[in-house]
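# Understanding the architecture of this molecule
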Amino acid sequence: MSWLPDAADAESALKPAELQVLHAQYEKEGEYVSLQTKFNYAWGLIKSSTRPEQQEGVRLLSDIFRASPDRRRECLYYLALGNYKLGNYAEARRYNDSLLELETGNMQAQSLRGLIDDKVAKEGLMGVAIVGGLAAAAAVGVGMLVRGSQRRR
């Protein structure tokens, strides 16, 4: 079982003062920032409720993921969560599925999978409704054009 919290708990934002502590440490280390400090700050940003901070968190974690193969497993969940919060569900699913391949019993990743699937299903239904509404409107428009052209003859 993972030492990380479940997906619902991970979505709660840090208090501004808590995020500021992580930011201050990250800034203090400057160009020689440690991987752990960078990860901690990215984690705090992912948990933020503001989109720009979430985007920065995903960017930092992506840097760690690419540069440090031994830290990839740590990054997978938060890359999945960050992409989920940003509405990038395909990316979120890709990272989460990678984690589940490594840790099939990871309850946190299983919980996030449910959240991703629910969002995709909900947005998929809204997309179908929008497309269906557009198709119906187009059919009515074509029908009116056809009737109008038949009356002119």
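Report follows, based on the coordinates. Since this is a predicted model, take the numbers as computed values, not measurements. (Residues numbered from 1 in each chain as written. Predicted model: local features only at pLDDT ≥ 70, side-chain atom pairs only at ≥ 80, totals over all residues. Heavy atoms only, no water.)

With that settled, the discussion passes to the overall build of the protein. Scanning the protein from terminus to terminus reveals seven helices and zero strands. Ordering the α and β elements of the protein from the N terminus gives α-α-α-α-α-α-α. Put simply, the protein has 153 residues, and 32% of those count as buried. Relative to all contacts within the protein whose residues are 6 or more apart in sequence, the contacts with residues 24 or more apart total 55%. When the accessible surface of the protein is split by element, carbon and sulfur atoms take 58% of a total near 9400 Å². (Helix = DSSP H or I, 4+ residues; strand = E, 2+ residues; numbered from the N terminus. Buried < 20%, exposed > 50% of the residue type's maximum accessible area, 1.4 Å probe, protein only. Contact = heavy atoms within 4.5 Å. Areas by Shrake-Rupley, 256 points an atom, 1.4 Å probe, with all protein chains shown as cover.)

Okay, the side chain of Ser 48 next. Structurally, the position occupied by Ser 48 is in the loop between helix 3 (35-46) and helix 4 (51-67). Contacts of Ser 48, omitting those with residues within four sequence positions, involve Ala 13, Glu 53, Gln 54 and Lys 85.

Counting residues in each nonpolar core, the largest one holds 30 residues, and the members touching the most others are Tyr 41, Leu 61, Tyr 78, Leu 81, Tyr 84 and Leu 112. No other element matches helix 5 (residues 72-85), which puts eight residues into this core. (Core = buried A, V, L, I, M, F, W, Y, C linked by side-chain atoms within 4.5 Å.)

Before going further, it helps to examine the environment of Leu 81. In this fold, Leu 81 is placed in helix 5. For Leu 81 and Gln 54, which are 27 residues apart along the polypeptide, the C-alpha to C-alpha distance reads 9.6 Å.

What follows covers the environment of Ser 62. Inspection of the secondary structure assignment puts Ser 62 in helix 4. Judged by its relative accessible area of 14%, Ser 62 falls in the buried class. The spatial distance from the C-alpha of Ser 62 to the C-alpha of Leu 79 is 7.4 Å, given a sequence separation of 17 residues.

A few words on the packing of aromatic side chains. This model, assessed by the stated rule, comprises five aromatic pairs. Taken together, a centroid distance of 5.0 Å and an interplanar angle of 85 degrees make the contact between Tyr 77 and Tyr 78 edge-to-face. For the pair formed by Tyr 77 and Tyr 78, the shared burial category is buried. Within the aromatic cluster, the residues linked to one another by ring pairs are Phe 39, Tyr 77 and Tyr 78. Sitting over the ring of Tyr 95, Arg 94 keeps its end group 4.6 Å from the ring centre. (Phe/Tyr/Trp six-rings, centres within 6.5 Å; stacked < 30°, edge-to-face > 60°. Lys NZ or Arg CZ within 6 Å of the ring centre and 35° of its normal.)

This next bit is on helix 2 (residues 16-29). The α-helix winds at 3.6 residues per turn, so residues separated by three or four positions along the chain end up facing the same way. With 14 residues, helix 2 extends 20 Å between its outermost C-alpha atoms, agreeing within 8% with the 20 Å of an ideal straight helix rising 1.5 Å per residue. For helix 2, the secondary structure elements touched by its buried residues are helix 3 and helix 4. Once helix 2 finishes, Gly 30 follows within two positions and takes phi at roughly 55 degrees, a positive value. (Expected span 1.5 Å × (residues − 1).)

Turning our eyes to something else, we now look at the packing of helix 2 against helix 3. For any two helices packed against each other, the geometry comes down to the angle between their axes and how far apart the axes lie. Close contact between helix 2 and helix 3 brings their axes to 9 Å; oriented N to C, the two are set at 145 degrees. Crossing of helix 2 over helix 3 shows left-handed handedness. Residues Leu 19, Leu 22, His 23, Gln 25, Tyr 26 and Glu 29 of helix 2 form the contact with helix 3, whose participating residues are Thr 37, Lys 38, Asn 40, Tyr 41, Trp 43, Gly 44 and Leu 45. The residue inventory of the contact of helix 2 with helix 3, partitioned by class, reads six nonpolar, five polar and two charged. (Axes fitted to C-alpha atoms, helices over the stretch in contact; angles between N-to-C directions. Left-handed = near helix turned anticlockwise from the far one by under 90°. Nonpolar A, V, L, I, M, F, W, Y, C, P; charged D, E, K, R; others polar.)

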